[in-house]
Amino acid sequence: MLERIRSRTMFTGYNKKCYSCNFSPFSSNLRLMEHKTPTPTTTTTSSEWGSQAWRQLSRVRSSSPLIQCITNYVSMDLMANVLLSSGASPAMIHSLQEIPDFTPHVHALCINVGTLTPDWLSAIKAAVNTVNEMHKPWVLDPVAAGSSGFRFKACLELLALGPTVVRGNASEIIALHNGALDTNSRGADSVHESTDAVVAAKSLAQTSGSIVAVSGAVDIITDGQRVFGVHNGVPMLQKITATGCSVTALIAAFVAIDPSHPLEATTSALSIFGVAGEIGMISAKGPGSLRMHLIDSLNTLDEHTFLQLVKITNL
Ligand SMILES: Nc1ncnc2c1ncn2[C@@H]1O[C@H](COP(=O)(O)OP(=O)(O)O)[C@@H](O)[C@H]1O
Ligand SMILES: Cc1ncsc1CCOP(=O)(O)O
Ligand SMILES: [Mg+2]
């Protein structure tokens, strides 16, 4: 199985120098917009990207970043389990009253509008303002962004607050880019392929200053200039609710341990999740058991297996 899906590809654009810097995971002088700094172009192999992703997962496992998740009712369980099995500490704390005490201590914030209400939006904005003031990273999942005016306006307001990373499916990213409600919306599910959203993702990254990731058969990650593709995962991940929400939380954990390199951290998180899905699929009989095996795979994933399966390209 591993032999069948193993591959190696070449690509350009990764700034090797940045990654070799002596970064302290939880230093206080994090700069949210640091990915905008021009970087020299070097040639890097997919295996170097794989090694980078593995090092970042190892740092998540060893430093166990605290990730506050203000997410929807559907995803809380899977999201917390994905974070735990990856080595991070999840905290599903969303009350406005708790934010002044708790949010200053987190290493990253994961914001998800899946079951948004006006009360939750107030709490989300308070939490975002807190981490922004402290220059800590935060990640936005614009679930079903184009499905209603309230949700769409909220997503635009949150985008304006400068998320480090926005991760959505293709329909969500296209709706945000178009600046209009999606009349064909199927709620949380995408009606587009991720590759349909490359132009939208690049443009959204340029206008927002955020890293933009579009999940799908190929995960697309861009800072508005460089575009990378993660060719891992299995189609059945779409049949488990909250896998998208959960990979967004995993991105938050990776950005927490490497906030100066959100493009690389996002690519790494998506590749780790995708590979865990592929390994989980070997034992799964359907979506229910894939959910269980996905969590197990994240927990037990080893370097050798990961490096055999990871596939990241320059798009
Ligand atoms: N056709 C596919 N093949 C492989 N992996 C996929 C496919 N579709 C989605 N995934 C993976 O499933 C996870 C959730 O993505 P997606 O279903 O696009 O998000 P959402 O649930 O927000 O719509 C991601 O890790 C993505 O890479
Ligand atoms: C089905 C659903 N409805 C509101 S939030 C939610 C979960 C969406 O999760 P994901 O975007 O990861 O599929
Ligand atoms: Mg989603």
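Preceding this section is the structure that the text describes.
Because the structure is a prediction, the values reported are computed rather than measured.

J.: Explain the site of ligand 1 here, please?
T.: Among the 16 residues in the neighbourhood of ligand 1, the closest are listed as R167, N169, S215, D219 and Q238. Between ligand 1 and S215 there is a distance of 2.7 Å, counted from an oxygen atom to a side-chain nitrogen or oxygen. Computed on the free molecule, ligand 1 has an accessible area of 540 Å², of which 88% lies beneath the protein chains in the complex. Put simply, the parts of the chain that give the shell around ligand 1 at least two residues each are strand 7 (165-169) and helix 10 (243-257).

J.: In this structure, what is going on with the environment of V60? I would like to understand it.
T.: By the element assignment, V60 lies in helix 3 (residues 46-63). For V60, a relative accessible area of 0% gives the class buried. A sequence separation of 26 residues divides V60 from S86, and the C-alpha atoms of the two residues are 7.2 Å apart. Leaving out residues up to four positions away in the same chain, V60 has contacts with P65, S86, G87, A88, A253, F254 and I257.

J.: Even after reading the chapter, I still don't get unusual backbone geometry, so can you show me in this structure?
T.: Across the chain, the bulk of peptide bonds are trans and the bulk of non-glycine residues have phi less than zero. If you check the backbone angles, S64 has positive phi at about 45° while not being a glycine. With relative accessibility at 29%, the residue S64 sits in the partly exposed group.

J.: I keep staring at the packing of aromatic side chains and nothing clicks. Help me out?
T.: The description of two aromatic rings rests on the distance between their centres and on the angle between their planes. Per the counting criterion, the structure on display carries three aromatic pairs. Plain terms: the ring middles of W54 and F306 are 6.1 Å apart, the flat faces sit at 35° to each other, and that makes the pair tilted. With W54 in helix 3 and F306 in helix 13 (residues 303-309), this pair connects stretches of sequence that are 252 residues apart.

J.: I'm lost on the nonpolar core in this one. Help?
T.: Of all hydrophobic cores here, the largest spans 98 residues; its most connected members are I67, I111 and F306. When residues in this core are grouped by element, the largest group, eleven residues, is from helix 10. The residues contacting I111, other than those within four sequence positions of it, are I70, I124, V128, W138, V139, L140, D141 and L158.

J.: Help me understand the site of ligand 2, please; the structure alone is not making it clear to me.
T.: The local shell around ligand 2 consists of N72, V74, G114, A188, T241, A242, T243, G244 and C245. A distance of 3.5 Å separates an oxygen atom of ligand 2 from a polar backbone atom of T243. A distance of 2.9 Å separates an oxygen atom of ligand 2 from a polar atom in the backbone of G244. Here ligand 2 loses 75% of its free accessible area of 370 Å² to cover by the protein chains. Of the residues belonging to the shell around ligand 2, the class tally is four nonpolar, five polar and no charged.

J.: Where do I start with helix 11 (residues 262-283) in this structure?
T.: For the α-helix, the turn length of 3.6 residues means that residues three or four positions removed from each other point alike. Its 22 residues give helix 11 an end-to-end C-alpha distance of 32 Å, which sits within 8% of 32 Å, the value for a rise of 1.5 Å per residue. Most of helix 11 sits inside the fold, with 19 of its 22 residues counted as buried.

J.: How do you make sense of the pairing of strand 10 (residues 227-230) when you look at a structure like this?
T.: Two faces make up the sheet, and in a regular strand the side chains alternate between them. Judged by which residues are buried, strand 10 turns out to be covered on both faces: V227 and G229 on one side and F228 and V230 on the other are all buried. Judged from the four bridges that link them, strand 9 (residues 219-222) and strand 10 form a sheet pairing that is antiparallel. Bridge pairing in strand 10 links I220 to G229. Connecting strand 9 to the antiparallel partner strand 10 that follows it, the hairpin turn spans four residues, and G224 within it adopts a positive phi of roughly 100°. Strand direction decides the pairing type here: strand 10 and strand 11 (residues 312-314), joined by three bridges, are antiparallel. Paired with F228 across the strands is N314, a residue of strand 11.

J.: How should helix 6 (residues 118-133) be read in this particular structure?
T.: End to end, helix 6 covers 23 Å across 16 residues, agreeing with the expected 22 Å (1.5 Å per residue, within 8%). Among all positions in helix 6, only W120, L121, A123, I124, A127, V128, T130, V131 and N132 are buried. Structurally, helix 6 contributes buried residues whose contacts are with strand 3 (66-70), helix 4 (76-86), helix 5 (99-102), strand 5 (108-112), strand 6 (138-141) and helix 7 (149-160). One or two residues past the end of helix 6 sits H135, with phi positive at roughly 55°.

J.: Teacher, can you tell me more about the pattern of salt bridges here?
T.: As enumerated under the stated definition, the model contains six salt bridges in all. A salt bridge links R167 to D141, with the shortest nitrogen-to-oxygen separation between them at 2.7 Å. A residue pair is termed long-range when its members are at least 10 positions apart, and R167 in strand 7 and D141 in strand 6 qualify at 26 residues. Summarising the burial analysis for this pair, R167 and D141 share the class buried. Close ionic contact of K153 with E157 constitutes a salt bridge, the shortest N to O distance being 2.8 Å. Of the two residues, K153 and E157 are both situated in helix 7; the distance of four residues between them amounts to about one turn of the helix. According to the relative accessible area criterion, E157 is partly exposed, its value standing at 25%. The network of salt bridges with common partners includes K125, K153 and E157.

Parameters and conventions
- Just so you know, the residues in each chain are numbered from 1, in the order the chain's sequence is written.
- Here every chain gets a letter starting at A, and every ligand a number starting at 1, in the order they are written.
- The model is predicted, so local features are restricted to residues of pLDDT at least 70 and side-chain atom pairs to those at 80 or more, both for listing and for counting; the totals for chains, interfaces and linings are taken over all residues.
- Side-chain calculation: all heavy atoms of the structure are included, whereas hydrogens and water are not.
- We call a residue near a molecule or strand whenever a single non-hydrogen atom of that residue lies within 4 Å of it.
- As used in this structure description, the phrase polar contact means that two N or O atoms lie within 3.5 Å; if the pair is within protein, one of them must be able to donate a hydrogen and the other to accept it, and residues adjacent in sequence are counted only when both atoms belong to side chains.
- A 1.4 Å probe and the Shrake-Rupley method give the accessible areas. Residues count as covered only by the protein chains that appear here.
- Runs of E in the DSSP output that reach at least two residues are strands. Runs of H or I that reach at least four are helices, and both are numbered from the N terminus.
- When a residue's accessible area, from a 1.4 Å probe over protein chains only, is under 20% of the maximum for its type it is buried; when over 50% it is exposed; and in between it is partly exposed.
- Every residue pair with non-hydrogen atoms within 4.5 Å of one another is taken to be in contact.
- Within 6.5 Å between ring centres, the rings of Phe, Tyr and Trp (the latter by its six-membered ring) count as paired, and their orientation is classed by plane angle as stacked under 30 degrees, edge-to-face over 60, tilted in between.
- Put simply, buried Ala, Val, Leu, Ile, Met, Phe, Trp, Tyr and Cys residues joined by side-chain atoms within 4.5 Å make one nonpolar core.
- When residues are grouped by polarity, Ala, Val, Leu, Ile, Met, Phe, Trp, Tyr, Cys and Pro land in nonpolar, Asp, Glu, Lys and Arg in charged, and all others, Gly among them, in polar.
- Multiplying 1.5 Å by the helix residue count minus one yields the expected span of that helix.
- We treat two strands as partners when DSSP finds at least two bridges between them.
- Here, a salt bridge means any side-chain nitrogen of Lys or Arg that lies within 4 Å of a carboxyl oxygen of Asp or Glu.

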